[in-house]
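Descriptive analysis of the structure
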Amino acid sequence: MTKPIWIKHAAQLATLASDVKGPRSKEAMSDLGIIEDGSLWIEDGIIQAVGTTKELEKHYSKRGDEAEIVNAMNHLVTPGLVDPHTHVVYGGSREHEFEMRLQGAAYMDIMNAGGGIHATTRMTREATEDELFEQTIRRLDSFLAHGVTTVEGKSGYGMNLETELKQLRVMKRLQEQHMIDIVPTFMGAHAVPPDFKEREDEFVDYLIRDMLPVIAEEKLAEFNDVFCEKGVYTPEQAERILEAGKHFGLIPKIHADEIESYGGAELAAKIGAISAEHLLKASEAGIQAMAKSGTIACLLPATALYLREQAAQGRKMIDEGVAVAISTDCNPGSSPTTSMPLVMNLACISMRLTPAESLTAATYNAACAINRQEQVGSLEVGKLADIVLWNTKSYQELQYLFGVNHVKSVWKKGVKVV
Ligand SMILES: [Zn+2]
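Let me begin by describing the structure that accompanies this report. (Residues numbered from 1 in each chain as written. Predicted model: local features only at pLDDT ≥ 70, side-chain atom pairs only at ≥ 80, totals over all residues. Heavy atoms only, no water.)

This part is about the coordination of the zinc ion. The zinc ion binds to the protein through H85 (NE2), H87 (NE2) and H255 (NE2); the donor distances cover 2.0 to 2.1 Å. Here the donor residues of the zinc ion are spaced in sequence according to H-x1-H-x167-H. Note on H85: relative accessible area 0%, which makes it buried. (Donors = N, O, S within 2.8 Å, 3.2 Å for Na, K, Ca; no water. Buried < 20%, exposed > 50% of the residue type's maximum accessible area, 1.4 Å probe, protein only.)

Quick look at the structure:
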């Protein structure tokens, strides 16, 4: 039995608690449920009480001696950040491509020349399960150091059954052995493997026939994702893959409209995807369709910056009623970062989200995008004690002082990990 933890005197305790259940948009994204001079009582990794320091003192003073007391010294306390879109399990590294792109090579040109996703796929196929496990631990430690306590992780650097299974098994092992929670997504259709070039439909058949049943049988994934993009998979092929996944209980996600407007947002709304990712070039009709269907826009402003592209229209999407989440997109080619605080800054700077909206997008809405809103994403009684104490006085200051890691302490399920 571990000691209870009593956090006191948070200048702002941003609980993210709200009457709005499910993904938030419009004004609901600005309501952070802030308690001034806030306090939390944690026992057995679960939040047992939330209120002002005064209120909790009334109930818990008698038990004060048995708890480990944390004085937040008038700093900001928030839920642990949630990263709902990562490709965190991969082999190798691609810093040489960074230089190529700076000299003018386009992302798709590099990929078509056998680099990009194909290079990582080769290196991931060659890596042993233990090597992938060790490489990923370093990145997950870095996520924790940046206040991230839950991440989604995608396969997709195998594009054959053997390696897709290897990546997903690594995630399963990490879920068992690392403090961070890792939520697995199968993304067999991350690119067209070179041996299936010009035969995309055959790869789709192979994925549906030979990969999905095994992934489902071993319960290795909760979500099913596909790269729907001109030159990769058409909306029709994406729909086949995602509908087939539904039969195996896999919830659809889509990498949509990243490079060209291609009907990805519309498809996400049509098939009831939980989220659509990237959306840099989403059409007006696509945005309206997502607002109607309740599909979450998972926006990746660090990727846009890294590829020197205009970020997605986050401001417009929120105003139109789309629930927005944000993510690092942590991957070796287009966003090798684990810094969700930086992504929150960029959501403000390059997509004009307000500081409050940006925090909602990185906590509660991000949890909704991976179906974890009942466990994490807000500080409420009964939820996991995933908590960040920041070195700033307020969430406004956190978003304002950009590019710096302001994390002071992180608790995962009530265990101090930073
Ligand atoms: Zn991605």
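Let's shift gears to helix α13 (residues 340–351). With respect to burial, α13 is a largely interior element, 9 of its 12 residues being buried. Every buried residue of α13 is listed here: M340, P341, V343, M344, N345, L346, A347, C348 and M351. Backbone nitrogen of L342 and a side-chain oxygen of the N-cap are separated by 3.1 Å at the start of α13; the cap is S339. Once α13 finishes, R352 follows within two positions and takes phi at roughly 60 degrees, a positive value. (Helix = DSSP H or I, 4+ residues; strand = E, 2+ residues; numbered from the N terminus. Polar contact = N/O pair within 3.5 Å; in protein donor to acceptor, adjacent residues only side chain to side chain.)

With 13 residues, helix α8 (residues 235–247) should cover 18 Å at 1.5 Å per step; its first-to-last C-alpha distance of 19 Å lies within 8% of that length. Turning to α8, its buried residues number three or more, namely P235, Q237, A238, I241, L242, A244 and G245. Among the structural elements, β7 (181–189), α7 (200–217), β8 (223–228), β9 (251–256) and α9 (264–271) are those in contact with the buried residues of α8. Looking at the residues trailing α8, positive phi occurs at G249, about 80 degrees. (Expected span 1.5 Å × (residues − 1). Contact = heavy atoms within 4.5 Å.)

Before going further, it helps to examine the packing of α9 against helix α10 (residues 284–293). Close contact between α9 and α10 brings their axes to 8 Å; oriented N to C, the two are set at 20 degrees. The orientation of α9 relative to α10 falls into the category roughly parallel. Where α9 crosses over α10, the handedness of that crossing is left-handed. Between α9, through A265, E266 and A269, and α10, the contact on the second element is made entirely by A285, G286, A289, M290 and S293. Residue composition of the contact of α9 with α10, by class: 5 nonpolar, 2 polar and 1 charged. (Axes fitted to C-alpha atoms, helices over the stretch in contact; angles between N-to-C directions. Parallel < 35°, antiparallel > 145°, perpendicular 65-115°, else oblique. Left-handed = near helix turned anticlockwise from the far one by under 90°. Nonpolar A, V, L, I, M, F, W, Y, C, P; charged D, E, K, R; others polar.)

That is the geometry; function is a separate question.
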